[in-house]
Amino acid sequence: KPVNVWIIGIFKLLELTCNIIYEIKGVDKIPKKAVIIASKHQSAFETFAFFLHIKNSIFIHKKQLFWIPIFGQYLQKANMISINRSEGTKAMRTILKQAKQKIISGYSIIIFPEGTRKKPGEPPNYKTGIAGIYKETEAEILPVALNSGHCWPKHTFIKKPGKIIIKFLNLIPSKLDRLEILKKIESVIEQETNNLSNI
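Note that the structure is a prediction, hence the values are computed from the model and not measured. (Residues numbered from 1 in each chain as written. Predicted model: local features only at pLDDT ≥ 70, side-chain atom pairs only at ≥ 80, totals over all residues. Heavy atoms only, no water.)

**Overview of the overall build of the protein**
Argument step 1. Along its length, the protein carries six helices and seven strands.
Argument step 2. When the helices and strands of the protein are placed in sequence order, the string is α-β-β-α-β-α-β-α-β-α-β-β-α.
Argument step 3. The proportion of buried residues among the 199 residues of the protein is 45%.
Argument step 4. Of the contacts made within the protein by residues no fewer than 6 positions apart, 74% connect residues no fewer than 24 positions apart.
Argument step 5. A total accessible area of about 10700 Å² is found for the protein, and carbon and sulfur atoms account for 54% of it. (Helix = DSSP H or I, 4+ residues; strand = E, 2+ residues; numbered from the N terminus. Buried < 20%, exposed > 50% of the residue type's maximum accessible area, 1.4 Å probe, protein only. Contact = heavy atoms within 4.5 Å. Areas by Shrake-Rupley, 256 points an atom, 1.4 Å probe, with all protein chains shown as cover.)

Written as structure tokens, this is what we have:
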């Protein structure tokens, strides 16, 4: 795919010009069946990395991602699930319906539960939307921790040299209580993200 070549080119450029390398840990934890992939979000890096490395997956993302040259156009072509927050509860109903259909069709769903990028160390703010998707799809959740914000900070073009680590964690079973699942997701992702920040 041309978009994969484009992403690989970006990663190579980051390595050559900014001395940023990356490692993906826990790949063996990615199941062959469709799951919800719930990830910490600190930079654009993980969006590209997930697209490149996770097969049969789709994003639930803000419509603004469509504006990224090349990548955005491919997202539109690939029939990802986009969020239009101005539509409120109507948007959520549409997302739940689409998410369930994607899981049934064998596609894992990638979602950033906080809804936006967070700076390293910034207080977490996990939204209830993922609990609704979890209940509707009855899928397991694969949590992901990372430290990309240390090298690719939010709201700046300046990149810092270092090693980005994306770490897949243990699967969280389906059919847990709504409040329990939110606490569980936040707990495991934040704890491991903090561990990666201290490396």
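**Description of the packing of helix α4 (residues 89-104) against helix α5 (residues 129-137)**
Argument step 1. Two elements in contact, α4 and α5, have axes whose closest approach is 9 Å; the angle formed by their N-to-C orientations is 45°. Judged by the inter-axis angle, α4 sits oblique to α5. Handedness of the α4/α5 crossing: right-handed. Counted together, Met92, Ile95, Leu96, Ala99, Lys100 and Ile103 of α4 and Gly129, Gly132, Ile133, Glu136 and Thr137 of α5 form the full contact between these two elements.
Argument step 2. Its residues assigned to classes, the contact of α4 with α5 comprises six nonpolar, three polar and two charged. (Axes fitted to C-alpha atoms, helices over the stretch in contact; angles between N-to-C directions. Parallel < 35°, antiparallel > 145°, perpendicular 65-115°, else oblique. Left-handed = near helix turned anticlockwise from the far one by under 90°. Nonpolar A, V, L, I, M, F, W, Y, C, P; charged D, E, K, R; others polar.)

**Side note on the side chain of serine 43**
Argument step 1. Tracing the backbone shows serine 43 in the loop between β2 (36-39) and α2 (45-53).
Argument step 2. Residue class for serine 43 comes out buried when judged on its relative accessible area of 0%.
Argument step 3. In terms of polar contacts, serine 43 uses its side chain to reach the backbone amide nitrogen of phenylalanine 45, at 3.0 Å.
Argument step 4. If we ignore the near neighbours within four places in the chain, the residues touching serine 43 are Arg117, Ser148 and Trp152. (Polar contact = N/O pair within 3.5 Å; in protein donor to acceptor, adjacent residues only side chain to side chain.)

**Focus: the packing of aromatic side chains**
Argument step 1. Counted by the stated rule, this structure contains seven aromatic pairs.
Argument step 2. With a centroid separation of 5.5 Å and 85° between ring planes, the pair formed by tryptophan 6 and phenylalanine 48 is classed as edge-to-face. Linking tryptophan 6 in helix α1 (residues 2-18) with phenylalanine 48 in helix α2, this pair joins segments that are 42 residues apart in sequence.
Argument step 3. Taking relative accessible area as the criterion, phenylalanine 48 reaches 5% and is therefore assigned buried. (Phe/Tyr/Trp six-rings, centres within 6.5 Å; stacked < 30°, edge-to-face > 60°.)

**Observations regarding the pairing of strand β5 (residues 108-111)**
Argument step 1. Residues of β5 alternate between two faces, with Ser108 and Ile110 on one and Ile109 and Ile111 on the opposite face, all of them buried.
Argument step 2. Taken together, the three bridges between β2 and β5 define a ladder with parallel strand orientation. Each bridged residue has a counterpart across the sheet, and for isoleucine 36 the counterpart in β5 is isoleucine 109. (Pairing = 2+ DSSP bridges.)

**Section: helix α6 (residues 178-197)**
Argument step 1. Compared with the 28 Å implied by 1.5 Å per residue over 20 residues, the 29 Å span of α6 between its first and last C-alpha is a close match.
Argument step 2. Among the structural elements, β2, α5, β6 (141-146) and β7 (162-168) are those in contact with the buried residues of α6.
Argument step 3. Where α6 begins, the side chain of aspartate 177 points an oxygen toward the backbone nitrogen of leucine 179, at a separation of 3.1 Å. (Expected span 1.5 Å × (residues − 1).)

**Digging into the state of the cysteines**
Argument step 1. Scanning all chains against the criterion turns up zero disulfides.
Argument step 2. Of all cysteine sulfurs in the structure, the one in cysteine 151 sits closest to cysteine 18, which takes part in no disulfide; the separation is 9.4 Å. (Disulfide = S-S within 2.5 Å.)

**Quick word on α4**
Argument step 1. Relative to the 22 Å expected for 16 residues at 1.5 Å per residue, α4 spans 23 Å between its end C-alpha atoms, a close match to the ideal helical length.
Argument step 2. Listed as buried for α4 are Ala91, Ile95, Leu96, Ala99, Lys102 and Ile103. Each buried residue of α4 sits inside an arc of 135° when the element is viewed along its axis, so together they form one side. Turned more than 90 degrees off the buried face of α4, the exposed positions are Lys90, Arg93, Lys97 and Ile104.
Argument step 3. Within two residues after α4, glycine 106 carries a phi angle of roughly 95°, on the positive side. (Arc of directions from axis to C-beta.)

Honestly, that's just the spatial picture; any functional story needs more than this.
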